[in-house]
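# Architecture and fold: a report
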Amino acid sequence: MDNYLLETIICPVCNNKLEYDTNLKELICNRDFLAYPINNGIPILIDIKARKVFSN
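Okay, so let's go over this structure.

Rules behind the numbers
Residues numbered from 1 in each chain as written. Predicted model: local features only at pLDDT ≥ 70, side-chain atom pairs only at ≥ 80, totals over all residues. Heavy atoms only, no water. Core = buried A, V, L, I, M, F, W, Y, C linked by side-chain atoms within 4.5 Å. Buried < 20%, exposed > 50% of the residue type's maximum accessible area, 1.4 Å probe, protein only. Helix = DSSP H or I, 4+ residues; strand = E, 2+ residues; numbered from the N terminus. Contact = heavy atoms within 4.5 Å. Disulfide = S-S within 2.5 Å.

### A closer look at the nonpolar core
- Core analysis: the biggest nonpolar cluster contains 11 residues, these being L6, I9, C11, C14, L18, L27, C29, L34, Y36, I38 and A50.
- Looking at this core, the elements with two or more residues in it are β2 (26–29) and β3 (34–39).
- Counting residues per element, this core draws most heavily on β3, at 3 residues.
- Among residues more than four places away in sequence, those in contact with L27 are L6, I9, L18, E19, Y20, L34, A35, Y36, I38, P43 and L45.

This is how it looks when you write it as structure tokens:
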């Protein structure tokens, strides 16, 4: 994932900064507990495409 893109990309639901999960290759919003997929290097920032993740 491009570092510049990571610095500028935000969650489309809450405008929170997203974090890149290197293991699952997803962008994670820790506020909404959503994981956005990345397909062919392109983040899919559509809320209905995101999956719910659970906090520890």
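The rest of the description comes next.
### So, the state of the cysteines
- Under the definition given, this model contains 0 disulfides.
- Counting only cysteine sulfurs, C29 is the nearest neighbor of C11, a cysteine outside any disulfide, at a range of 3.8 Å.
- On the basis of relative accessibility, which here comes to 0%, the residue C11 falls in the buried class.
- C29 carries a free sulfur, and the closest cysteine sulfur to it, the one in C14, is 3.6 Å from it.
- Here C29 falls in the buried class, since its relative accessible area comes to 0%.

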